[in-house]
Amino acid sequence: MEPASLTTGLLMSWKYLALFPLLIVEGFVVTIVAGFLVSTNTLSFYPTLLTVVLGDISSDIFYYSLGYRGSGLLKSKLAKLIGLEASRVKRVEVLYKKHGGKILVIAKLTNALSLAAIVAAGLIKMPFRQFIIFCVVTAIPKALILILIGYFFGQAYTDVSQITQYFFLGSTLTILLFFSGRCVQKLLMGSKVVTERR
């Protein structure tokens, strides 16, 4: 089963209970799928928005904590994973002190290197209060945008499906009317010939 199909199936079956943990694993795609399900009335808009925001913030706190409180071995592996070598830590600390908020906002809104930016914030011990403020401020518009993308995609999909159904229905009726007309025409022509012979 494809990941998108599995995600949709879980959300349809378990709804918000499945939505929250799925957001921690892959928030971007799951939020769009949730928006799609809002368009089909499987999920409700406001509970979905609240769950997505809470899931996004929880995910940020989790990865921030890995960098902030992880063991020396874990920290070294995380630093290597995101390309933060020991020689670059000081430069990143200076960068985060000057532009930490901008880095987090841009990374989260564009989904570009979002995980790396969050882990790096923990590794260089960015103040938690500052970190969480930027995460909350970013999480709300991001969740709203992604849900709306999924919602309008769902609406478009439904409209296309309806148009396709109407097209096939119209085509079928046109074909049936055409052949019915031909049959009626043949019957009339046949009866005319019989009448003329008489």
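Residues numbered from 1 in each chain as written. Predicted model: local features only at pLDDT ≥ 70, side-chain atom pairs only at ≥ 80, totals over all residues. Heavy atoms only, no water.

### Looking at the nonpolar core
In terms of nonpolar packing, the biggest core is built from 19 residues, with L11, L19, V52 and V53 touching the most fellow members. Residue assignment for this core shows that the elements contributing at least two residues are α2 (16–25), α3 (27–39), α4 (45–69) and α8 (128–197). If we ignore the near neighbours within four places in the chain, the residues touching V53 are A139, I140 and A143. Of all hydrophobic cores here, the second largest spans 13 residues; its members include Y96, A121, M126 and F131. (Core = buried A, V, L, I, M, F, W, Y, C linked by side-chain atoms within 4.5 Å. Buried < 20%, exposed > 50% of the residue type's maximum accessible area, 1.4 Å probe, protein only. Helix = DSSP H or I, 4+ residues; strand = E, 2+ residues; numbered from the N terminus. Contact = heavy atoms within 4.5 Å.)

### Details of the packing of α2 against α3
Contact geometry for α2 and α3: axes closest at 7 Å, N-to-C directions at 145 degrees. Taking contact as the criterion, the partners of L19, L22, L23 and V25 in α2 are, on α3, G27, V30, T31 and A34. In terms of residue class, the contact of α2 with α3 is built from six nonpolar, two polar and no charged. (Axes fitted to C-alpha atoms, helices over the stretch in contact; angles between N-to-C directions. Nonpolar A, V, L, I, M, F, W, Y, C, P; charged D, E, K, R; others polar.)

### A closer look at the confidence of the model for the protein chain
Averaged over every residue, the pLDDT of the protein chain is 76; the share at 70 or more is 68%. Counting interchain partners and residues more than four positions distant, the pLDDT-below-50 stretch residues 191–196 has zero contacts. (pLDDT = per-residue confidence, 0-100.)

### What to know about the pattern of salt bridges
A full pass over the atoms with the stated rule returns two salt bridges. Between D56 and K108 there is a salt bridge; the shortest N-O distance is 3.2 Å. Residue D56 is found in helix α4, and its partner K108 is found in helix α6 (residues 89–110); the two are separated by 52 residues along the sequence. Exposure class is identical for D56 and K108. Each is buried. Measuring nitrogen to oxygen at the nearest pair gives 2.7 Å for the salt bridge that ties K108 to D60. Remark: D60 occurs in helix α4 and K108 occurs in helix α6; sequence separation between them is 48 residues. (Salt bridge = Lys/Arg side-chain N within 4 Å of Asp/Glu carboxyl O.)

### Section: the packing of α4 against helix α7 (residues 114–123)
The geometry of a pair of packed helices is captured by two quantities: the angle between their axes and the separation between those axes. Relative to each other, α4 and α7 sit at 45 degrees, their axes nearing to 6 Å. Considered as vectors, α4 and α7 are oriented oblique to each other. Between α4 and α7 lies a crossing whose hand is right-handed. Contacts from D60, Y63, Y64, G67 and Y68 in α4 reach L115, I118, V119, A121, G122 and L123 in α7. The class makeup of the residues in the contact of α4 with α7 is eight nonpolar, two polar and one charged. (Parallel < 35°, antiparallel > 145°, perpendicular 65-115°, else oblique. Left-handed = near helix turned anticlockwise from the far one by under 90°.)

### Considerations on the side chain of T138
By the element assignment, T138 lies in helix α8. At a separation of 2.6 Å, a polar atom in the side chain of T138 contacts the main-chain carbonyl oxygen of F134. What T138 contacts, discounting residues up to four positions off in sequence, is V105, K108 and L109. (Polar contact = N/O pair within 3.5 Å; in protein donor to acceptor, adjacent residues only side chain to side chain.)

### As for the environment of N111
Locating N111 in the fold gives a position in the loop between α6 and α7. On the accessibility criterion, N111 (33% relative accessible area) is partly exposed. Between the C-alpha atoms of N111 and K142, which are 31 residues apart in sequence, the distance is 9.6 Å. When sequence neighbours within four positions are dropped, the list of residues in contact with N111 reads F28, I106 and K142.

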